[in-house]
Structure formats: structure tokens, C-alpha cells
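Geometric and topological summary
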Amino acid sequence: MSTSPAPTAAISIRDLVKRYAPAGEAEGKLALNGVSFDVPEGGIFGLLGPNGAGKSTLINILAGLVRKSSGTAEIWGFDIDRDQRNAKRSIGIVPQEIVFDPFFTPFEVLEIQAGLYGIAKHLRRSEELLRAVHLGDKRNAYARTLSGGMKRRLLIAKALVHQPPVLVLDEPTAGVDVELRRQLWDLVTEMNREGVTIVLTTHYLEEAEELCDRIAIINHGQVIANKPTRELVGMAREKIIALTLDREVTELPSHPGFLKCEKTGERELEITYDKDRSNAGEILSAIQAQGFAIVDVTTREADLEDVFVTLTSQARSAA
Ligand code: ADP
Ligand code: MG
């Protein structure tokens, strides 16, 4: 999309620190505590973290809306301080909050935005963008008459007016219903296929897992993981076996291979084990050796949620 060649990373962040100014008695909040990572060009990158982790602070620094305390950030190879103009032209940002003048139409919203970027009339592509976000038939509707989903799609079109190679969406699906979430996921995937590098922040694990090819997890202003999604999910070493036994469990069986053994019903047990150290056969034999017959068995792998919980609790206890 951009005329300049792709740099090695779409976004490159080093040692980024943000301490908000103190308010009254309260000490300034350390929202980013030395964040470094690269967003590779061409993919969908997820910045995943709980509320208050520092995601919006980071995005707002890239957008030029919040001043960093220290560290550096480059967008498409342009330093956000030294080459502010080019950095700004290389990124489109979709904020979490929806704000429009209710009396403008979608077409006007895009034309005004194009004007702000100094794009000549004959180079504007408002019609094309409206069609791309499936709002072609709403060209002349007042913004106030659009549904929530349409407004979000219009915000995406607005962020793309200057054809940035990088599109950043801050919590695109926070508080939206399941159907709209699907629609937005499809739209993001479409934009990515057209060549736009996508960064999105989210606190939904499912969204990150489904949409992103790489995920950085941020917690208390620090990056605690940054890996291809498949690898991150694969970090879950734990497996869980659920068993139904032939009789009531009065005393919990134990074995060195069990990480956890829980009674989940009168005759039911859930046993967690490390799949690198043990296997289902060993676990089942251990139960049988204690005099139980096994009536039913199911297993499940730990998922991204388990990894997330493990990582964030480690970070807490290390702090
Ligand atoms: P996230 O987007 O991950 O939910 P934020 O970046 O919004 O996190 O917030 C990170 C931390 O910084 C939070 O503790 C939040 O309360 C604090 N914070 C955010 N904005 C401001 C501000 N303008 N002034 C002071 N503290 C802020
Ligand atoms: Mg936020």
C-alpha cells in the first residue's frame, strides 16, 4: 500500500516507558515499564492483556496522543520523534471509543479525513473504502442513524483513508455482540489479505487465538510473552484426564505423576499431569493400582487460557 519499501519490522518498540503525571496526592502511574517488541510485516499481531495492562497507553503513544517518558518507537522504519510526519502517515488507528459528528454522512466523514491528510480530490477513494467495509449503500446516511457495527466499520475505513501500511485496532470488539464480532474478524482478515499489517489489542483470549498469527502478552506494563500463536498455545504442557470410576471416591488417590487430583463428582476425578513427564497410560495404571475400575475417560489439553493464567500468575509472584 505504501510507496516506501517494507522495513524489517512494521513496528519496532524499544524500552518504552510511560509514567503518567501524578494526580494530587497519588504517585504517577507506571503504565509501561520497559516494553520492547517488533511487529513483523504482513501479519496479524495481537497485543493481549488484562484491563489496565498498558495496551491503550502503548497504542496512544504510537498515535501521537500520549507522550512517552522514555524509549523509542519506529513505525515502518520512521522514528515517531525524529520522523513524526512519515511515522504518522504509515499508520492508521481505530480507537476504542466511537466518536463522530452525527450530522456528517459516511462519505463526508471520509472526505474530511482525506482533507486532513492533504489528499487531492482525484486521489481520494472514499467510495471504494465504503464498499470495502460494506457500507456502500450508506454513503449518504447520517452517522447518527448507523448501527454500532456500521459505525465501527466506518472507523476502520476512516483509519485507512491515507492508505497506511499498518492498521492498529484498539479493542475492536470490546462490548460488541457475537455476530458483529464475527463480521469484524472477517473484515480484519480481508484487510490483512490485501497486504495491510494488522495490530490489535484485546483482552479476549479467543479473539487473539483465532485471529492473530503472533501474540505478545502484556501485564502490568511489561511484555511477559511474545511468540507465534501456535507456539504459545503449545507452551501448555499440562494435560487433564477426567475419569468416571466404578465406585465412590472416599480418599483421593495420589501418585508422583499427578500435578493435581480433584474430585469433581461422587465417582469422578480430574487429574492434571505434565505431558513431558508422564502419559495417560501411566496415570490410568496408577488409578487401577489403587483398586478402582475405570468406567469412562476423557482428556483435554491445556489451552491459551491456561498458558495466560500461568504466565500472569508467575509475573505476579515474581514482582
Ligand atoms: P489497557 O488499555 O491495557 O486497559 P491502559 O493503557 O488504558 O491499559 O492503562 C494502563 C494503566 O495506566 C492503568 O493503570 C490506567 O489506570 C493508567 N492510566 C491510563 N491512562 C491514564 C491517564 N491519562 N492518567 C493516569 N493514569 C492513566
Ligand atoms: Mg485499553
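By the naming in an unreviewed UniProt entry, the protein chain goes by ABC transporter ATP-binding protein and is assigned to Novosphingobium album.

**Quick look at the site of ligand 1**
Close contacts around ligand 1 come from Tyr20, Lys29, Ala31, Pro50, Asn51, Gly52, Ala53, Gly54, Lys55, Ser56 and Thr57, and that covers them all. At 2.9 Å, a side-chain N or O of Lys55 approaches an oxygen atom of ligand 1. Contact with the protein chains removes 60% of the 570 Å² of surface that ligand 1 exposes when unbound. Broken down by element, the residue count for the shell around ligand 1 peaks at three residues, all from helix α1 (residues 55–62).

**Some remarks on unusual backbone geometry**
Of note in this structure, Gln163 is not a glycine but carries a positive phi near 55°. Take Gln163: it is sitting in the loop between α5 (148–159) and β7 (166–170). Overall, Gln163 belongs to the partly exposed group, its relative accessible area being 30%.

**A short note on the packing of aromatic side chains**
Tallied over the entire structure, the rule returns one aromatic pair. Ring geometry for Phe37 against Phe45: centres 5.3 Å apart, planes inclined by 10°, an arrangement best described as stacked. The exposure classification of Phe37 matches that of Phe45, with both residues buried. In this structure, Arg139 is placed above the aromatic ring of Phe107, and the distance from its NZ or CZ to the ring centre is 3.8 Å. One residue, Arg181, lies across the ring of Tyr204, its end atom 4.4 Å from the ring centre.

**Regarding a negative patch on the surface**
On the surface, a cluster of negative charge is made up of Glu206, Glu209, Asp303 and Glu305. The topology assignment puts Glu305 in helix α10 (residues 304–318).

**Focus on the sheet that holds strand β9 (residues 214–219)**
Taken together, the six strands give an open sheet; going across it, the order is β6-β7-β8-β3-β9-β10, and neighbouring strands pair in mixed fashion. A strand with exactly one partner marks an edge of an open sheet, and here the two such strands are β6 (91–94) and β10 (222–228). Each strand axis lies, on average, 15° off the axis of its neighbour in the sheet, ignoring direction. Judged from the five bridges that link them, strand β3 (residues 44–48) and strand β8 (residues 197–202) form a sheet pairing that is parallel. Across the sheet, Leu48 pairs through a bridge with Thr202, a residue of β8. Each of β6 and β7 touches α5; the most contacted strand, β6, lies at about 165° to it.

Conventions we followed
- Throughout this description, residue numbers start from 1 for each chain and increase along the sequence as written.
- As a convention, the first chain written is A and the first ligand written is 1, with the rest following in written order.
- Note on the predicted model: pLDDT of at least 70 is required for a residue's local features to be given, and 80 or more for side-chain atom pairs to be given and counted; whole-chain, interface and lining totals, by contrast, use all residues.
- Think of the side-chain values as coming from all heavy atoms in the structure, minus any hydrogens and water.
- The nearness test applies per residue and asks whether one of its heavy atoms lies within 4 Å of the molecule or strand.
- What qualifies as a polar contact is a pair of N or O atoms within 3.5 Å, subject to a donor-acceptor requirement within protein and to the restriction that residues adjacent in sequence count only when both atoms come from side chains.
- Only the protein chains shown count as cover for residues, and all accessible areas are computed by the Shrake-Rupley method using a 1.4 Å probe.
- Helix numbering and strand numbering both begin at the N terminus, where a helix is a DSSP run of H or I of at least 4 residues and a strand a DSSP run of E of at least 2.
- Three labels apply to residues, based on accessible area from a 1.4 Å probe with only protein chains included: buried if under 20% of the type maximum, exposed if over 50%, partly exposed otherwise in between.
- Two rings belonging to Phe, Tyr or Trp (six-membered ring only in the last case) form a pair when the distance between their centres is within 6.5 Å. Interplanar angles under 30 degrees mark stacking, angles over 60 mark edge-to-face geometry, and anything in between is tilted.
- In our convention, an over-ring charge means Lys NZ or Arg CZ found within 6 Å of a ring centre and within 35 degrees of that ring's normal.
- For patch detection, residues must exceed 30% relative accessible area and be free of salt bridges, and they are connected within 9 Å for like charges or within 5 Å for nonpolar side chains (Val, Leu, Ile, Met, Phe, Trp, Tyr).
- A carboxyl oxygen of Asp or Glu within 4 Å of a side-chain nitrogen of Lys or Arg is what we treat as a salt bridge.
- Counting rule applied: Lys, Arg positive; Asp, Glu negative; His and chain ends not counted.
- For charged residues, the charge sits on one atom: NZ in Lys, CZ in Arg, CG in Asp, CD in Glu.
- Paired strands are those between which DSSP finds at least two bridges.
- Fitting a line to C-alpha atoms yields each axis, with helices limited to the stretch in contact; the angle taken between N-to-C directions then spans 0 to 180 degrees.
- For this analysis, residues touch if any pair of their heavy atoms sits within 4.5 Å.

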